[in-house]
Amino acid sequence: MLGLGHVGTTVAVAFACAGLRVHGVDHDASRALAVAAGRLPFDDEEPELTRALADAHASGRLTASTSLDDVRDAGVVLVCVETPTAPAFEALRACCTQLGAVLRRGALVIVEATVAPGTMGAVVRPLIEAASGYTEGVDFLLGHCAERVMPGRLLANLRRMPRVCGGSPAATRRMVALYRAVVEGELDETDWVTAELTKTAENTHRDVAIAFANQLALACERAGADFLAVRALVEKIGDRRVLEAGAGVGGQCMPKDPWLFHAACDPSTPSLVPAARAINEAMPDHVVALVEEALGEAKVALDGARVALLGMSYKPGSAEARRTPSLVVRDRLLSRGVEVRAHDPCVAAFRGDLATVLEGADAAVLLVAHDAYVRLSPADLARPLRSKVLVDARLVFDPAGARAAGLVFRGVGRGR
Ligand SMILES: NC(=O)c1ccc[n+]([C@@H]2O[C@H](COP(=O)([O-])OP(=O)(O)OC[C@H]3O[C@@H](n4cnc5c(N)ncnc54)[C@H](O)[C@@H]3O)[C@@H](O)[C@H]2O)c1
């Protein structure tokens, strides 16, 4: 296993727990050392993975180091390094070249990292062939099987999600036999580029659909209508579904994968991706504008105001708080002189006491619809606040109910 990040560690642990001998390699020594010692190499809360990693370590089947020399004898090599930008893919390119130098004849190489459509054929295969002197399909097999895991339940996702195995028939036959040891979901066989397009299209589709919901929400605010009412009426036509509007899109993959998809599109034709990304990335600024407007109505200046942010993770119930719109809202408010108090019941760094966070704040801003917040009434929120301001970025609270509780209210998608 090359790359012991969130995904690589999970895959390594799953195979070791299934009885295979696994050696993980990461050029970040702290990650390799952590896995070699049976500890998670990152801070996130992954209770199931933590337990399984300790078991795999105890079994002696999972080892780790920083040297690619240690995979010289491997019959299967999985590649799970970071792939933030196409077509650069610096980590992936370096990894393919290093792997080519040590690859055993007859090995199966599987790229699990998410890549732009066309990357397997244009980047991965030539780099491994050049470094090894081997020919793909003759001396080694090459497949693509992107991961679909989500932070917070990495191991459970890996086991249950269906997977797309891309490659030649000889490669996909071996991939299906391998993955069957750890994946309960369906295993579909196809070619590289279909597998690459499928993975990048999944997250692009969602990002574009959320962007439409956000654009509809902004139009509702501008025109004086309510997003939820409009959406309910649109959805009366059986096959129309509008996703949730909100503070934006976050997480490790959603903001990046559409750009990988976009890299494969004809640059001379219009693309949805830049527009969708721009809409979703503008939502945190829109939330800040709503906070400023609501505080203004309550005669409180943004500079110097004390604001409680409720929800810092990328979605309800998740402990993943990297690259979230909530962090963007927090940073924008801090740069405008706001005293920010951030809370999240699921994220260790923000867990604190909700009552203390709200006590004496000028405004509460709901950014993630965690159960703990959805259960609150507008009166529960109004009571501890110093200035009675509520901004709801997740369409949880009824505007009339909030106003009846004495709150100045603004909400994404809530036209007045
Ligand atoms: N994080 C997720 O939830 C998730 C979900 C689905 C798919 N993915 C995809 O999986 C891939 C990996 O994501 P991640 O979150 O695990 O990334 P990560 O950044 O957590 O881990 C990548 C690891 O690879 C290591 N690495 C880089 N180059 C290397 C090399 N040449 N040799 C050895 N190690 C090397 C890095 O040091 C790092 O530890 C990406 O393509 C990502 O898009 C991620």
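Residues numbered from 1 in each chain as written. Predicted model: local features only at pLDDT ≥ 70, side-chain atom pairs only at ≥ 80, totals over all residues. Heavy atoms only, no water.

K.L.:
Would you mind going over the sheet that holds strand S3 (residues 76–79) with me for this structure?
P.N.:
Sheet strands pair via backbone hydrogen bonds, and the direction of the pair is either parallel or antiparallel. An order of S3-S4-S5-S6-S7 is seen for the five strands of this open sheet, with the pairing classed as mixed. Because the sheet does not close on itself, it has two edges, and the strands there are S3 and strand S7 (187–190). Ignoring strand direction, the axes of neighbouring strands in this sheet form an average angle of 25 degrees. Pairing between strand S6 (residues 163–167) and S7: four bridges, direction parallel. Among the inter-strand pairings, Val-164 is bridged to a residue of S7, identified as Asp-188. Against the sheet, helix H4 (residues 90–102) contacts S3 and strand S4 (108–111), and its axis sits at roughly 165 degrees relative to S3. In this fold helix H7 (residues 169–179) packs onto S3, S4, strand S5 (141–144), S6 and S7, with an angle of close to 150 degrees to the strand it touches most, S6. (Pairing = 2+ DSSP bridges. Helix = DSSP H or I, 4+ residues; strand = E, 2+ residues; numbered from the N terminus. Axes fitted to C-alpha atoms, helices over the stretch in contact; angles between N-to-C directions. Contact = heavy atoms within 4.5 Å.)

K.L.:
Would you explain the packing of aromatic side chains in this entry?
P.N.:
We describe a pair of aromatic rings using the distance from one ring centre to the other and the angle between the two ring planes. With the rule as written, the count across this model stands at one aromatic pair. Centre to centre, the rings of Phe-15 and Tyr-179 are 6.0 Å apart; their planes meet at 50 degrees, and the pair counts as tilted. On the criterion of sequence distance, the pair formed by Phe-15 in helix H1 (residues 6–17) and Tyr-179 in helix H7 is long-range, its members being 164 residues apart. Phe-15 sits in the buried class, given a relative accessible area of 4%. (Phe/Tyr/Trp six-rings, centres within 6.5 Å; stacked < 30°, edge-to-face > 60°. Buried < 20%, exposed > 50% of the residue type's maximum accessible area, 1.4 Å probe, protein only.)

K.L.:
Honestly, the site of the ligand in this entry has me stumped. Any pointers?
P.N.:
Close to the ligand lie 25 residues, the nearest being Asp-26, Arg-31, Thr-83, Thr-114 and Lys-256. Between His-27 and the ligand, the recorded distance is 3.4 Å, taken from a backbone N or O atom to a nitrogen atom. A distance of 2.6 Å separates an oxygen atom of the ligand from a polar atom in the side chain of Lys-256. The fraction of the free accessible surface of the ligand (830 Å²) that becomes covered by protein chains is 92%. (Near = heavy atom within 4 Å. Polar contact = N/O pair within 3.5 Å; in protein donor to acceptor, adjacent residues only side chain to side chain. Areas by Shrake-Rupley, 256 points an atom, 1.4 Å probe, with all protein chains shown as cover.)

Note that every value here comes from positions in space, so none of it alone points to a role or purpose.
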